[in-house]
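Residue-level structural notes
Now for the letters of each chain:
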Amino acid sequence: MSPNDRAFLTDLFNAAVRAADAERVLAENLPSPPKGKTVVIGAGKGAAHLAAAFEKVWKAPFSGVVVTRHGCACPTGTIRVLEAAHPVPDDAGLRATRALFEAVRDLGPDDLVVALICGGGSALLPAPPEGMTLEDEIALNQALLASGAPISVMNAIRKQVSTIKGGRLAAAAAPTRVVSLIVSDIPYDDPAQVASGPTVPDAGLRSDARQLIQDWNLDLPARILDWISSERGQAPLPTDPVFQHNDVRIIASAHLSLEAAAETARTAGITPVILSDAIEGEARDVARVHAAIMREIIIRNRPFPRPVVLLSGGETTVTLRGKGRGGRNSEFLLALAIAGADMPFAALAADTDGLDGSENNAGAFADGETAPRLRALKLNPATLLNNNDAYTAFEALGDLFVPGPTGTNVNDFRAILIR
């Protein structure tokens with residue numbers, strides 16, 4: 001890949017991240033200060049940066065606590081930042097969950113709770129129901145992550161095995177007004193899905209979760225299935241009076257970030273095409289569809305004339321088949337590189353939070369020479385893909401994309417340049 005193409009793709013990613021800049025989007029969406037106290041709570045991989053931005057733009061007294069992933073903290077003044085594990089919960093997450101509940105205790109109707117919520121909160125806030133343990137919630141998360149089910153299915157089930165998800169944290173704050181400021185990493189921006197909605201209820205029922213488990217043929221631990229088969233600990237519904245004074249605002253999303261990247265491409269003289277901001281499905285299958293579109297453009301100059309950059313967002317999934325390393329974006333790219341071997345393209349796929357899965361990279365770069373270069377190193381691209389080992393592939397090539405934590409999270413970003 002030429003240095004110019006790599007720089008162009010990086011510029012597009014940076015534009016997408018800037019569009020979700022915490023300080024700017026918070027300043028545009030803050031409520032008015034209350035008569036009483038202001039308490040800030042939050043969860044997600046970008047929660048610490050949201051908290052730091054809040055401290056810059058809020059003009060009244062406040063206190064608060066937020067939880068973020070280990071390694072994603074940043075300096076704050078008043079708001080306490082706790083760190084916990086992601087994507088598999090840990091004891092630190094249990095303590096963080098208790099701290100959030102403690103923060104909203106004993107508040108009244110003249111007080112205000114500002115909830116800063118972004119992607120990653122589902123794992124960061126373990127809160128097993130009575131009679132269950134952290135180990136049960138860990139087993140549930142591991143089973144869901146390995147299943148290949150879309151995020152909406154995983155969250156619908158997680159909410160039924162929790163005492164904080166599904167609006168329960170906001171319910172605990174009643175009668176205090178809760179204003180949820182949400183950075184969406186969910187297709188179609190359903191606020192109740194982001195971080196499994198600790199402050200936003202939805203209409204999902206226990207019976208819906210049971211049906212999803214059946215539809216997706218999910219292999220879940222017996223203790224989880226026993227709990228979901230009961231009706232104990234149901235989440236409150238959106239019609240519950242405890243939510244009547246609350247406010248929910250999507251302050252940043254994949255849609256807005258892709259539009260910003262598209263404008264950057266236009267400025268550089270490249271026509272952008274946004275395929276969708278809500279693509280879901282198995283990462284390698286999504287890659288093959290992108291490769292087919294790419295091939296049509298290269299061979300027949302349709303449906304979009306060259307030069308063009310294809311942009312897409314959403315959240316793909318990876319069904320674990322092997323024991324390699326790598327997240328969904330690097331897996332997407334390795335599959336794209338195999339399907340597009342020797343084709344003239346340049347691509348970047350990365351998670352906008354700066355971390356793809358459990359590794360230190362956001363994603364990687366790939367082009368038509370990626371697969372041949374791997375073979376020259378005596379590495380078989382198909383074998384690496386079958387072992388879910390895309391990180392090893394791009395590490396060997398020096399093509400990992402490692403921007404570090406970005407402080408925001410509006411899901412995956414994909415850009416494919418065809419000159």
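Reference entry: report on the structure contained in this document. Everything quoted here is computed from the prediction, not taken from an experiment.

Pairing is parallel in the open sheet, where 6 strands are placed in the order β3-β2-β1-β4-β5-β6. Edge positions in the open sheet fall to β3 (80-84) and β6 (247-252), since each of these has one partner strand only. Between one strand and the next, the sheet's axes are offset by a mean angle of 15°, whatever the strand orientation. Along the sheet face, helix α4 (residues 91-103) touches β1 (38-43), β2 (63-69) and β3 and points at about 150° away from the line of β3.

Before going further, it helps to spend a moment on the pattern of salt bridges. Pairing is possible between side chains of opposite charge, provided their charged atoms come close. Under the defined criterion, the tally for this structure stands at 24 salt bridges. Here arginine 321 and glutamate 282 are joined by a salt bridge, their closest N and O atoms 3.2 Å apart. You can see arginine 321 sitting in the loop between β8 (308-317) and α13 (328-339) and its partner glutamate 282 sitting in strand β7 (residues 271-282), a full 39 residues away along the chain. Two residues, arginine 328 and glutamate 315, come together in a salt bridge whose shortest N-O distance is 3.9 Å. Residue arginine 328 is located in helix α13, and its partner glutamate 315 is located in strand β8; the two are separated by 13 residues in the primary sequence.

The next point concerns the environment of valine 242. Structurally, valine 242 is set in the loop between α10 (222-229) and β6. What makes valine 242 partly exposed here is its relative accessible area of 31%. As a C-alpha pair, valine 242 and alanine 174 span 68 residues in sequence and 5.8 Å in three-dimensional space. In this structure, valine 242 is in contact with Ala171 and Ala174, ignoring residues within four places of it in sequence.

Within the secondary structure, asparagine 409 is located in the loop between β11 (400-401) and β12 (412-418). According to the relative accessible area criterion, asparagine 409 is buried, its value standing at 2%. Residue contacts for asparagine 409: discarding those within four places in its chain leaves Lys45, Gly119, Gly120, Val183, Ser184, Asp185, Asp351, Thr352 and Asp353.

Each value, and the rule that gives it
Sequence order as written defines residue numbering, which begins from 1 separately in each chain. Local features in this predicted model are restricted to residues whose pLDDT is 70 or higher, and side-chain atom pairs enter the listing and the counts only when it is 80 or higher, whereas totals over whole chains, interfaces and linings include all residues. Side-chain metrics in this entry use all non-hydrogen atoms of the structure; hydrogen atoms and water are not considered. Between any two strands, at least two bridges found by DSSP are needed for them to pair. Secondary structure counts use DSSP, requiring at least four H or I residues in a row for a helix and at least two E residues in a row for a strand, with both numbered from the N terminus. Here an axis means a line fitted to C-alpha atoms, over the contact stretch when the element is a helix, while the angle between two N-to-C directions is reported on a 0 to 180 degree scale. We call two residues in contact when some of their heavy atoms are within 4.5 Å. Whenever Lys or Arg places a side-chain nitrogen within 4 Å of a carboxyl oxygen from Asp or Glu, that contact is recorded as a salt bridge. Think of it in three bands: with a 1.4 Å probe and only protein chains considered, a residue is buried below 20% of the maximum accessible area for its type, exposed above 50%, and partly exposed in between.

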